[in-house]
Amino acid sequence: MEYEPETKDARRPKTQTADHIVRSCCLLYSPSPGVSQLYNQASDPQQLDNVMQKHSDVVKDIHQLLVKFMRETNVPDRLLQPRLELRP
């Protein structure tokens, strides 16, 4: 079982819902390699500690939500295509 990253209670089970991921993290996504950043808004509201390398699973989940949203809202293909691949 996985546990919540960086919480006061390390024994609290990790919630896998998209709602929880979006509420606790902020992904600053870029289609350019090495530019994207992930911050835990609960513990780092000033966005000083990029936790992207530590939490690649969260990055993948949020990226999938971004792509899904872009498809559902009919974002033009020229904008969608460069964002289909996650480039951490």
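For every chain, the first residue of the written sequence is number 1, and numbering continues from 1 along that sequence. Selection of residues for local features in this predicted model requires a pLDDT of at least 70, selection of side-chain atom pairs for listing and counting requires 80 or more, and totals for whole chains, interfaces and linings are taken over all residues. Note: side-chain values were computed over all heavy atoms of the structure, leaving out hydrogens and water.

A count of helical and extended segments in the protein gives three helices and two strands. Secondary structure elements are defined from DSSP: runs of H or I of at least 4 residues count as helices, runs of E of at least 2 residues count as strands, and each element is numbered from the N terminus. From first element to last, N terminus to C terminus, the protein shows the α and β order α-β-β-α-α. Each of the 88 residues in the protein was classed as buried or not, and the buried ones make up 30%. Look at the contacts in the protein between residues 6 or more apart in sequence, and 37% of them connect residues 24 or more apart. With residues, only the protein chains shown are counted as cover, and all accessible areas are computed by Shrake-Rupley using a 1.4 Å probe. Carbon and sulfur atoms provide 52% of the accessible area of the protein, an area that totals close to 6,100 Å². Per-residue accessibility, obtained with a 1.4 Å probe over protein chains only, is compared with the maximum for each type, and a residue is labelled buried under 20%, exposed over 50%, and partly exposed between these values. The contact definition used throughout considers only heavy atoms, calling two residues in contact when any of these lie within 4.5 Å.

Only one rule defines a salt bridge in this text: a Lys or Arg side-chain nitrogen within 4 Å of an Asp or Glu carboxyl oxygen. Following the criterion strictly, the structure yields three salt bridges and no others. Ionic pairing is found between K54 and D49, a salt bridge with its closest N-O pair at 3.9 Å. E72 serves as the salt-bridge partner of K68, at 3.8 Å between the closest nitrogen and oxygen. Here K68 pairs with E72, and both are found in helix 2 (residues 56-72), just four residues apart, close to one helical turn.

Right, let's get into unusual backbone geometry. If you check the backbone angles, Q47 has positive phi at about 55 degrees while not being a glycine. Mapping Q47 onto the fold places it in the loop between strand 2 (37-40) and helix 2. Looking at Q47, the relative accessible area reads 30%, which means it is partly exposed. The phi dihedral of N74 is positive, around 55 degrees, even though this residue is not glycine. Examined against the element boundaries, N74 turns out to sit in the loop between helix 2 and helix 3 (77-80). Its relative accessible area of 66% is what places N74 among the exposed residues.

Every α-helix winds through 3.6 residues per turn, so residues three or four apart in the chain are directed the same way. In a helix, the anticipated span is given by 1.5 Å times the number of residues less one. Relative to the 24 Å expected for 17 residues at 1.5 Å per residue, helix 2 spans 24 Å between its end C-alpha atoms, a close match to the ideal helical length. V58, V59, I62, H63, V67 and M70 are the residues of helix 2 that are buried. Within two residues after helix 2, N74 carries a phi angle of roughly 55 degrees, on the positive side.

What follows covers the confidence of the model for the protein. Per-residue confidence from the predictor is given as pLDDT, running between 0 and 100. Mean pLDDT over the protein: 80, with 75% of residues reaching 70 or higher. Within the protein, no element has a lower average pLDDT than helix 1 (residues 18-24), which sits at 63, and none a higher one than helix 3, at 94. Ignoring residues within four places in sequence, the model shows residues 8-13, a span with pLDDT below 50, making 10 contacts including any to other chains.

Among the secondary structure elements, Q53 is positioned in the loop between strand 2 and helix 2. When the C-alpha atoms of Q53 and L38 are compared, they prove to be 8.5 Å apart, with 15 residues separating the residues in sequence.

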